[in-house]
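Observations on the three-dimensional arrangement
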Amino acid sequence: MLNLRTAPGLPSPSQVRADPVTSRELDIVKVAAALVSAAVLLAGLYFGREILIPLAIAFLITFALNPPVTWLARLGLPRLLATCLVMITVGCALVGLGVILGAQVRSIAVELPAYQSTILTKLADLRQNLKAPGLFDGVLKTVERVQKEVESKDDKPAEGQVPQRVEIVPMPQTPLEQAFAWLVRSAEPLATAGIVLIFVFLGLLDIGDLRDRFLRLLGGNFHRSTDALQEAGARISRYLLMQLLVNVSYGVPLALGLWIIGVPGAMLWGALGAVMRFVPYVGPLTAAIFPAAIAFAVDSGWSMLLWTVALIVTLELISNNIVEPLLYGSSTGLSAISLIAAAILWTALWGPVGLILSTPLTVCLLVLGRNLPQLLFLDTMLGSTPALDVPARIYQRLIANDADEAVEIASTEIEKSSVLSFYDAIGIEVLRLASDEYLQNASAEHRLRLASGMDTLLDDLRDQYPSSLNSEAKPRVLCIGGKWEIDALAGEMLAHALAFEGIAAASQPAASVNADYLAQLDLKGADIVCLSYFTSHPTIPARHACRRLRKRWPNVRIVLAVWKKPPELLTDQSLETLKADAVVASIEEAVRRIHRIVDPEEAKAAQQAPVPDNDAARVDALKATGVMEGDKREALDALAKRAADVFNTSVAVITTIDKDREYFVGQSGKLPDAITDNAGALLPMNREHAICNHVVANDETLVISDIERDPRFADNETIEQWDMRFYAGAPLRAADGLIIGALCILDSKPRTLEESEVALLETMAADVIAIITTSDVEKDASVKSAPAASAATVGQEVPQ
């Protein structure tokens, strides 16, 4: 039954206020202003298309040609010469291709009259087949007869009044008038081509000035504007390159297949198919008509046409379902719906040219939406990333009374990771959303749907992912909700996670943990009680509950789970104050802490990093680098200093893992005297105590947001001497893929890294391995930071 009383830590109903009328009026004004702005913008795009289309085409060509121009300029050619060389090369290639294709067109035009009899014969056969009696002939005749009867006879012309046909014959044009008409028709495309050519040339010649002007137009934060330009350039360049590869991978097999079939002009149709694929949706269909029509005209039978159609359909299926997903991936970042909508919009505004330019232009809008807060709605509307994260999606499905879809989403996420990871990263976040929205926006019906939906979700997950324990096994852990429904739901998640990890656990329904409740409580034989709290201020109720539990069951072990991580309870002093054995803030931490309480030796062994199978070869590869000799220390210290500066951390170290020890071959930052020698260099430590040993064992980057909250390292006395809370280590991979150490950044405060930052750390680790494996450090190192004067003392123990 849902507990509808006011939850601890949440505002009372009297504190919840509706939005004032003035706020709603302001929102209406903002919406109206946005609609008017959108209308003005669309009108400007439509009526200014004569100017904007050439600029957009030139902008796209400049993106495509800038990489080769830049490459030639880096080889030492002047920018002007490189620009001219690239444009002349492209022009000559286009002219040469046009000459070849023109010859193919002339050949087909000469041979086409010879196919006239074949075409007429096939059309006559088709006409004869269509005239044969069919299934609907009787129906059609009946309808025609009824229609004639219904028509009024008055509509017929009077007898003797036969209408005369009048034809207006225009005056013949003189040769001068014809030449002028042709000149007028060709002037517009020639002028457009000239504008495009000039703009491309100027853009390639001074791309830096063009970039600076864009930065000035974007204004504000230079970092954000630079990221926007780089992202737009990278996405559009990759899109154009991938589009070219897709088109070539379609056009070449098409030409080859048509040549084998015997269709005249196979090269022409292959090139046409490749070029027309630049036009989304309608281009491939249009290009397929021509070879099919030629096959229809050439062959007196139907086999050539059928083989041609089969070839085109097969290539389309392969290109759309294999080649394009493989090459494109997420290069544009646009969703499928936004691609179709963009094609419709730009075609309506700019016609066929807008259809061709729709994807690059929409990519630019997407990048603006991602980097400018005012245009964030564009990212939501156009981007391929989900608009809601997984916890928000599950929460929304639950309050929409769609528990089945919530279960489906949860099952999909569990298949990607594990039950423990799902509860830790997603399940608790769903309850956090529910806690935040409990009285702010949720109605009574929403709360009931949430409670019922969560019951269904957790029941289904327990059925789908049962534990290996005997269902009648006595629980070692009893999870109790501290105050309200959401506390109990978190306890159910923890109980399932514990059971799935091999620790028998049970959960209690929602109730207030007061004296009356504890007097009737049956621990069911459990020797560990986990109290679950989702309030922001659980100190007082948790202290009372712990004291009452201690009074009735003095030997019971108490674990306090505070899911909102109040800092005042996440200290060693709080354990003494609360009389609890452990305080945890996540499902994963709770499972590991309880595992240590239940079976300390097994938990300690499970949390040790395993030794890789290729450890002997890995150690030999480390020794072969010679990095332990210390001659590369200066460059490695400089790289460590750079890593600390880039990620704004207090410490960065470069470590190597030998057979039994961890050595520090580069470092930056001040560390406690207990782990350094007289010169300030870090002392080696036993391998089994080193966090970097887990990087070597798992063969991947390791990020620990808060060392104190990770039981694998929180109780390690050697690591405690570092006085650090955050750790991230990227593996140092030698040329043969063996990991010889790690590039690590550490900080005294908890923090996280985004995926892009993890990738950047791995890139810097590759720079480190390049320094380690090079034979001439002073020649190849690009590090210019001031080196730190220090030397490693090899073989000296860390004081214990």
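The preceding data block contains the structure.
Residues numbered from 1 in each chain as written. Predicted model: local features only at pLDDT ≥ 70, side-chain atom pairs only at ≥ 80, totals over all residues. Heavy atoms only, no water.

**Some thoughts on the pattern of salt bridges**
We apply this condition: Here a salt bridge means any side-chain nitrogen of Lys or Arg lying within 4 Å of a carboxyl oxygen belonging to Asp or Glu. Elements are defined by DSSP. Helices are runs of H or I of four residues or more, strands are runs of E of two residues or more, and each kind is numbered from the N terminus. Relative accessibility thresholds used throughout: buried, under 20% of the residue-type maximum; exposed, over 50%; partly exposed, between the two (1.4 Å probe, protein chains only).
A complete count under the given rule lists 27 salt bridges for this structure. Ionic pairing is found between Asp 581 and Arg 550, a salt bridge with its closest N-O pair at 2.7 Å. Residue Asp 581 is found in the loop between helix 22 (572–578) and strand 5 (582–584), and its partner Arg 550 is found in helix 21 (residues 539–552); the two are separated by 31 residues along the sequence. Here Arg 725 and Glu 708 are joined by a salt bridge, their closest N and O atoms 3.6 Å apart. Note that Arg 725 is positioned in the loop between helix 29 (717–720) and strand 10 (726–733) and Glu 708 in the loop between strand 9 (702–704) and helix 28 (711–714), a separation of 17 residues in sequence. Judged by relative accessible area, Glu 708 falls into the partly exposed class, the value being 39%.

**Brief notes about the layout of surface pockets**
Rolled over the atoms, a probe with the dimensions of a water molecule shows which regions are left empty. For the record, the criterion: Cavity means a closed set of points on a 1 Å grid over the protein atoms alone, one where a 1.4 Å probe fits but cannot get out, pocket means an open set with protein on both sides within 12 Å along at least 5 of 7 lines, and lining means a residue has an atom within 4 Å of a point. Grid points are joined across faces, edges and corners, and a volume is the space filled by probe spheres set on the points. Gly falls in the polar group here, along with every residue not listed as nonpolar (Ala, Val, Leu, Ile, Met, Phe, Trp, Tyr, Cys, Pro) or charged (Asp, Glu, Lys, Arg).
Considered as a void within the structure, the largest pocket measures approximately 2000 Å³ in volume. Together, 50 residues line the largest pocket, and Phe 59, Leu 361, Cys 364, Leu 365 and Leu 368 are the ones closest to its centre. Contributions of two or more residues to the lining of the largest pocket are made by helix 1 (21–47), helix 2 (49–74), helix 7 (207–218), helix 8 (222–261), helix 12 (336–350), helix 13 (352–371) and helix 14 (376–382). Here the element with the most residues in the lining of the largest pocket is helix 2; it accounts for nine residues. Of the residues contributing to the lining of the largest pocket, the split by class is 39 nonpolar, ten polar and one charged. By volume, the second largest pocket amounts to about 1600 Å³. Lining the second largest pocket are 41 residues, and of these Ile 61, Val 90, Leu 94, Leu 244 and Phe 278 lie nearest its centre. With eleven residues, the single largest contributor to the lining of the second largest pocket is helix 8.

**Focus on the sheet that holds strand 9**
Rules: Pairs of strands are assigned from DSSP output, requiring at least two bridges between the strands.
Taken together, six strands build an open sheet; the order of strands is 8-7-6-11-10-9 and the sheet is antiparallel. Two strands in the sheet have a free side with no partner beyond their single neighbour: strand 8 (685–686) and strand 9. Bridge count between strand 6 (residues 651–657) and strand 7 (residues 661–668): six bridges; the pairing is antiparallel. Opposite Val 653, over in strand 7, you have Gln 667 as the bridge partner.

**Quick look at the nonpolar core**
Put simply, the rule is: Among the buried residues, those of types Ala, Val, Leu, Ile, Met, Phe, Trp, Tyr and Cys that are joined through side-chain atoms within 4.5 Å form a nonpolar core. Contact between two residues is taken to exist if any of their heavy atoms lie within 4.5 Å; hydrogens are not considered.
Of all hydrophobic cores here, the largest spans 52 residues; its most connected members are Ile 394, Tyr 423, Met 454 and Ile 587. Apart from the residues lying within four places of it in its own chain, the contact partners of Ile 394 are Ala 406, Ile 409, Ala 410, Phe 422, Ile 426, Val 430 and Leu 457. Of all hydrophobic cores here, the second largest spans 31 residues; its members include Ala 644, Val 665, Ala 730 and Leu 738.

**Quick look at a negative patch on the surface**
To be explicit about the condition: The patches described consist of residues with a relative accessible area above 30% and no salt bridge, like charges being joined within 9 Å and nonpolar side chains (Val, Leu, Ile, Met, Phe, Trp, Tyr) within 5 Å. Throughout, the Shrake-Rupley method with a 1.4 Å probe supplies accessible areas, and for residues the shown protein chains are the sole cover considered. Only four residue types enter the tally: Lys and Arg on the positive side, Asp and Glu on the negative side, with His and both chain ends excluded. The atoms used to mark charge sites are NZ of Lys, CZ of Arg, CG of Asp and CD of Glu.
Together, Asp 572, Glu 576, Glu 717 and Glu 720 line one region of the surface with negative charge. When residues of the negative patch are traced back to their parent elements, those giving at least two are helix 22 and helix 29. In this fold, Glu 717 is placed in helix 29.

**As for the packing of aromatic side chains**
In plain terms, the rule: Centres within 6.5 Å are what make two rings of Phe, Tyr or Trp a pair, Trp counting through its six-membered ring; a difference in plane orientation under 30 degrees is then read as stacked, over 60 as edge-to-face, and the rest as tilted. Charge-over-ring placement is defined geometrically: NZ (Lys) or CZ (Arg) within 6 Å of the ring centre, and within 35 degrees of the ring normal.
The final tally for this structure, using the stated rule, is eight aromatic pairs. Both rings, one in Tyr 46 and one in Phe 47, keep their centres 5.1 Å apart while their planes meet at 85 degrees; by these two values the pair is edge-to-face. Their ring planes at 90 degrees and their centres at 4.7 Å tell us that Tyr 438 and Trp 484 sit as a pair that is edge-to-face. Of the two residues, Tyr 438 is situated in the loop between helix 17 (419–437) and helix 18 (444–464) and Trp 484 in the loop between strand 1 (477–481) and helix 19 (485–500); the sequence distance between them amounts to 46 residues. With respect to burial, Tyr 438 and Trp 484 carry one shared label: buried. Sitting above the plane of the Tyr 250 ring, Arg 277 keeps its charged end 4.5 Å from the centroid.

**Points about empty space enclosed by the protein**
Counting across every chain of the model gives two cavities of 30 Å³ or more. Looking at the largest cavity, its volume works out to about 120 Å³. For the largest cavity, the lining is made up of 16 residues, of which Met 685, Ile 691, Trp 722, Tyr 727 and Leu 746 are closest to its centre. Put simply, the parts of the chain that give the lining of the largest cavity at least two residues each are strand 6, strand 7 and strand 11 (739–747). When grouped by side-chain class, the residues that make up the lining of the largest cavity number 13 nonpolar, two polar and one charged.

**A short note on a nonpolar patch on the surface**
Together, Leu 244, Val 248, Val 252, Val 275, Phe 278 and Ile 356 make up an exposed nonpolar region whose accessible area comes to about 480 Å². For the nonpolar patch, the element with the most residues is helix 8, which contributes three residues. Looking at where Val 252 falls in the secondary structure, it is placed in helix 8.

**A closer look at helix 15 (residues 390–399)**
Our working rule: What qualifies as a polar contact is a pair of N or O atoms within 3.5 Å, subject to a donor-acceptor requirement within protein and to the restriction that residues adjacent in sequence count only when both atoms come from side chains.
The element helix 15 is extensively covered by neighbouring structure, given that eight of its ten residues are classed as buried. Looking only at helix 15, the buried set comprises Val 390, Pro 391, Ala 392, Ile 394, Tyr 395, Arg 397, Leu 398 and Ile 399. Next to the buried residues of helix 15 lie helix 16 (403–416), helix 17 and helix 18. At the N-terminal boundary of helix 15, the capping side chain belongs to Asp 389, with an oxygen 3.0 Å from the backbone nitrogen of Ala 392. Where helix 15 ends, the next residue or the one after it, Asn 401, has phi of about 65 degrees, a positive value.

**What to know about the sheet that holds strand 4 (residues 557–562)**
Condition: To obtain each axis, a line is fitted to C-alpha atoms, and for helices this fit is confined to the stretch in contact; angles are then taken between N-to-C directions over 0 to 180 degrees.
An order of 2-1-3-4-5 is seen for the five strands of this open sheet, with the pairing classed as parallel. Each edge of the sheet is formed by a strand with only one pairing partner; in this case those strands are strand 2 (505–507) and strand 5. Strand-to-strand, the axes of this sheet are offset by a mean angle of 20 degrees, without reference to chain direction. Relative to strand 3 (residues 528–533), strand 1 is paired through five bridges, and the arrangement is parallel. Considered in strand 3, the bridge of Ile 480 is made with Leu 531. Its contacts with the sheet place helix 23 (residues 587–598) against strand 1, strand 3, strand 4 and strand 5, and it is angled at close to 160 degrees to strand 5.

**Quick notes on the packing of helix 7 against helix 8**
The line we're drawing: Reported orientations rely on four angle classes, namely roughly parallel under 35 degrees, roughly antiparallel over 145, roughly perpendicular from 65 to 115, and oblique for the rest. Crossing handedness: left-handed means the near helix sits turned counterclockwise from the far one by under a right angle, and right-handed means the same turn made clockwise.
At a closest axis distance of 10 Å, the pairing of helix 7 and helix 8 adopts a crossing angle of 125 degrees. On the basis of their axis angle, the class for helix 7 and helix 8 is oblique. Read as a crossing pair, helix 7 and helix 8 show a hand that is right-handed. Packed against helix 7, whose contacting residues are Arg 211, Phe 214, Leu 215 and Leu 218, the element helix 8 presents Phe 222, Ser 225, Thr 226 and Leu 229 at the interface. In the contact of helix 7 with helix 8, the residues fall into five nonpolar, two polar and one charged.

**Structural notes on the side chain of Gln 243**
When you line up the elements, Gln 243 lands in helix 8. Since its relative accessible area comes to 7%, Gln 243 is described here as buried. A distance of 3.5 Å separates a polar atom in the side chain of Gln 243 from the backbone oxygen of Arg 277.

**Quick word on helix 19**
Here is the rule: What a helix is expected to span follows from its residue count: subtract one and scale by 1.5 Å.
With 16 residues, helix 19 ought to run about 22 Å at 1.5 Å a step, and its terminal C-alpha atoms sit 23 Å apart, in line with that. The element helix 19 is largely enclosed, with a buried count of 15 among its 16 residues. Phi turns positive one or two residues past the end of helix 19, at Gly 502, with a value near 95 degrees.

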